[in-house]
Amino acid sequence: MLNNYIMDYDNILIMAHKRPDGDAIGSVLAMYLYLLGQGKRVSFVLDEYASVFSFLPGIDKQGLKNDIDLVIALDTSSIDRLSHEELFKKAKHSIGIDHHPSNTKYCDYNFVYDMEPATCQILYYLFRDSDVLITKDMGICLINGLVTDTNGFKVGNLTSKSYEMVYELSLLGVDVKDICNRTVVMKTRKQFSLLHKAISNAEFLLDGKIAYTYLKKEDMDEVNALLGDHEGIVDMILNVIGVEVAIFLMETKDGVMASLRSHGNIDVMKVASAFNGGGHVCASGFTIDMEMTKLKNKLIMEIEKYL
Ligand SMILES: [Mn+2]
């Protein structure tokens, strides 16, 4: 089915969202390897990514190397979230594949399945239905997306389809545990220091239903933090029993970045949308130019409406 939409194009560019996460990167690379295998002229572009992903097959092949007849936008809910909006607009035709409920269907063809836990899971089944051989390298990239978007099979709408994908890709030799450890479980000393700092900053509010923590710019500077070193902090504070929503704020050069998590009872995508952000029911975020304490108070007021 997917091939019906792609067959006619020889020059293809693949991209995903800004600040790419494991699902964005995994889906871009899996699609790249899939199209290369079909003899297409294909390129991909990515924003700067965390070094933990540098083991992924094909990631060193980044860069625009061909004309663009077709652009494939992955894991991205709207045009303004794309890492390379200007290149997207140059293409005559577009396909979007995504699992964000907030997807605005901005492509000519939109494969949006918002019940799926990762774009990589959508891709797996599209590839499997297309009769094109799925290679071990493609499998590594696909599992990378599933593992990171579900925080190591702990959150998100995991179903028997997810475990079927894990089972079938394991048969190809994909080491799921290793990918999970590399991307979600293992921490560098820098990450551990930031986690330590964030845990000591943590507060529990509204009868322990909201967990809040933050990192200041100087906390990041102190350990010389690298891109993505804050990943996992917000998930950690959500793990405390009784917490329904976790808030993590971090000072960045673009303003304060907010990450929100829930177990699903409270829709943090709705909370984020009040600040022009987006995401999923269980995981959302945004960046805003606002003083941290003021933002914290506004967020708590917003979340209180749903508690
Ligand atoms: Mn995703």
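Fair warning: this is a prediction, and the values are worked out from it, not measured in the lab. (Residues numbered from 1 in each chain as written. Predicted model: local features only at pLDDT ≥ 70, side-chain atom pairs only at ≥ 80, totals over all residues.)

### A look at the packing of helix 5 (residues 136-149) against helix 7 (residues 176-185)
Running from amino to carboxyl end, helix 5 crosses helix 7 at an angle of 55 degrees, the nearest separation of the two axes being 9 Å. Considered as vectors, helix 5 and helix 7 are oriented oblique to each other. Considering only the axes of helix 5 and helix 7, their crossing is right-handed. Residues I140, I143, N144, V147 and T148 of helix 5 form the contact with helix 7, whose participating residues are V176, I179, C180, T183 and V184. Considering only residue class, the contact of helix 5 with helix 7 consists of seven nonpolar, three polar and no charged. (Axes fitted to C-alpha atoms, helices over the stretch in contact; angles between N-to-C directions. Helix = DSSP H or I, 4+ residues; strand = E, 2+ residues; numbered from the N terminus. Parallel < 35°, antiparallel > 145°, perpendicular 65-115°, else oblique. Left-handed = near helix turned anticlockwise from the far one by under 90°. Contact = placed C-beta atoms within 7 Å. Nonpolar A, V, L, I, M, F, W, Y, C, P; charged D, E, K, R; others polar.)

### What about the environment of V243?
Take V243: it is sitting in the loop between helix 10 (233-238) and strand 8 (245-252). When the C-alpha positions of V243 and G208 are compared, they lie 5.7 Å apart, and in sequence the two are 35 residues distant. Other than its neighbours up to four places away in sequence, V243 contacts G208, K209, A211, I237 and L238.

### Section: helix 7
Among the residues of helix 7, those classed as buried are I179, C180, T183 and V184. One side of helix 7 holds all its buried residues, which, seen down the axis, span an arc of 100 degrees. Residues K177, D178 and V185 are exposed on helix 7 and point more than 90 degrees away from its buried face. Its buried side turned inward, helix 7 meets helix 2 (22-36) and helix 5. (Buried ≥ 20, exposed ≤ 12 C-beta atoms within 10 Å, placed from the backbone. Arc of directions from axis to C-beta.)

### Regarding the nonpolar core
By size, the foremost hydrophobic cluster in this structure holds 57 residues, and its most contacted members are I14, M15, V28, A30, M31 and L142. The element contributing the most residues to this core is helix 2, with ten residues. Leaving out residues up to four positions away in the same chain, M31 has contacts with I14, I72, L74 and L123. One finds L215, A246, I247 and A258 within the second-largest nonpolar core, a separate group that totals 30 residues. (Core = buried A, V, L, I, M, F, W, Y, C linked by C-beta atoms within 7 Å.)

### Quick look at the domain arrangement of the chain
Interface size is commonly expressed as the accessible area that is lost once the parts come together. On domain assignment, one finds that the chain holds domain 1 (2-185) and domain 2 (189-304). The C-alpha-based centres of domain 1 and domain 2 are spaced at 26 Å. Within the side of domain 1 that touches domain 2, the residues separate by chemical class into four nonpolar, six polar and one charged. (Domains from an automatic or database assignment.)

### Here's the deal with the packing of helix 2 against helix 5
Viewed as axis vectors pointing N to C, helix 2 and helix 5 meet at an angle of 160 degrees, and their least axial separation amounts to 8 Å. Our classification of the angle between helix 2 and helix 5 gives roughly antiparallel. Between helix 2 and helix 5 lies a crossing whose hand is left-handed. Judged by residue contacts, G22, D23, G26, S27, L29, A30, L33 and Y34 of helix 2 engage D137, M138, C141, L142, N144, G145, V147, T148 and D149 from helix 5. The residue inventory of the contact of helix 2 with helix 5, partitioned by class, reads eight nonpolar, six polar and three charged.

### Considering the sheet that holds strand 4 (residues 93-98)
One key point about sheets: their strands pair by backbone hydrogen bonds, in either a parallel or an antiparallel sense. In space, the five strands of this open sheet follow the order 2-1-3-4-5, with parallel pairing throughout. Each edge of the sheet is formed by a strand with only one pairing partner; in this case those strands are strand 2 (41-44) and strand 5 (109-112). Sheet twist, expressed as the mean angle between neighbouring strand axes with direction ignored, is 15 degrees. Inspection of the sheet shows strand 1 (residues 11-15) paired to strand 2 by four bridges, in the parallel sense. Along strand 2, the bridge assignment pairs L13 with S43. Against the sheet, helix 4 (residues 119-128) makes contact with strand 3 (70-74), strand 4 and strand 5, and its axis sits at roughly 115 degrees relative to strand 4, the strand it touches most. (Pairing = 2+ DSSP bridges.)

### Here's the deal with the sheet that holds strand 10 (residues 278-279)
One open sheet accounts for six strands, arranged 6-7-8-9-11-10; its pairing is mixed. What marks the edges here is a single partner per strand, and that holds for strand 6 (203-205) and strand 10. Note: strand 9 (residues 255-262) against strand 11 (residues 283-288), six bridges, orientation antiparallel. Each residue of the ladder has a partner; that of R261, found in strand 11, is A283. Strand contacts of helix 12 (residues 292-304): strand 6, strand 7 (210-215), strand 8, strand 9 and strand 11, with the helix running at about 155 degrees to strand 8, the strand carrying the most contacts.

### Let's talk about the pairing of strand 3
Across the five residues of strand 3, five count as buried, placing the element largely inside the fold. Burial of the side chains of strand 3 extends over both faces: L70, I72 and L74 are buried on one face and V71 and A73 on the other. Bridge analysis of strand 1 against strand 3 gives four bridges, and the strand direction is parallel. Bridged to I14 within strand 3 is I72.

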